[in-house]
Amino acid sequence: MNIKRKDSSCVCMNNEYVYTFGGSSYEENENESVERYNIKKNIWEIMPIKLDHFMTSQVVFKVSSRTLLLLGGNIVDSNGFKVRSEKVYRLFIDTNWIQEEAPL
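**Things to note about the environment of Asp7**
Along the polypeptide, Asp7 turns up in the segment before β1 (9-13). Residues Asp7 and Gln58, 51 residues apart in the sequence, show an inter-C-alpha distance of 8.1 Å.

**Digging into the side chain of Thr20**
Along the polypeptide, Thr20 turns up in strand β2 (residues 17-21). The class of Thr20 is buried, set by a relative accessible area of 3%. Among all residues touching Thr20, those that are not within four sequence positions of it are Met1, Arg5, Ser8, Ser9, Cys10, Ser33, Val34, Glu35 and Trp44.

**A few points about a nonpolar patch on the surface**
On the surface, Val59, Phe61 and Val63 cluster together to form a nonpolar patch covering roughly 240 Å² of accessible area. With respect to the helices and strands, Phe61 occurs in strand β6 (residues 59-64).

**Notes on the nonpolar core**
Buried together is how nonpolar side chains tend to be arranged in soluble globular proteins. Tyr19, Phe21, Val34, Leu51, Leu68, Leu70 and Leu91 are the most contacted members of the largest nonpolar core, which totals 18 residues. Of all the elements in the fold, those that place two or more residues in this core are β1, β2, β4 (43-50), β7 (67-71) and β10 (88-92). Top element by residues in this core is β2. It accounts for three residues.

**Comments concerning the sheet that holds strand β11 (residues 97-101)**
Strand order in the open sheet formed by four strands is β6-β7-β10-β11, and the pairing between neighbours is antiparallel. The strands lining the two open edges of the sheet, one partner per strand, are β6 and β11. Each strand of the sheet is rotated relative to its neighbour by a mean of 25 degrees, with strand direction disregarded. Inspection of the sheet shows β7 paired to β10 by five bridges, in the antiparallel sense.

Calculation criteria
- Residues numbered from 1 in each chain as written.
- Predicted model: local features only at pLDDT ≥ 70, side-chain atom pairs only at ≥ 80, totals over all residues.
- Heavy atoms only, no water.
- Helix = DSSP H or I, 4+ residues; strand = E, 2+ residues; numbered from the N terminus.
- Buried < 20%, exposed > 50% of the residue type's maximum accessible area, 1.4 Å probe, protein only.
- Contact = heavy atoms within 4.5 Å.
- Patch = residues over 30% accessible without salt bridge, like charges linked within 9 Å, V, L, I, M, F, W, Y side chains within 5 Å.
- Areas by Shrake-Rupley, 256 points an atom, 1.4 Å probe, with all protein chains shown as cover.
- Salt bridge = Lys/Arg side-chain N within 4 Å of Asp/Glu carboxyl O.
- Core = buried A, V, L, I, M, F, W, Y, C linked by side-chain atoms within 4.5 Å.
- Pairing = 2+ DSSP bridges.
- Axes fitted to C-alpha atoms, helices over the stretch in contact; angles between N-to-C directions.

Pasting the structure below:
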């Protein structure tokens, strides 16, 4: 893993990759990065996409062989406080595209 993180979420896709989203570092800095682990090559790479917010404790699950949904979690608001998120994001792994969906 390129970025140390805790309170992130991850999902295995097609027995090829493990995707990891958000989380916070051990210095309590949240991040919006997405990484994936190539199981066959045993390497981590930072994806060219970022989440809209710093997110921790979200849920991610596989919708299809090429689509993931990322739900809820905690975000940091404009005042610097952690608040519960109702946001839903869809990630298309073929195109590295994230789009926001209707909230929870």
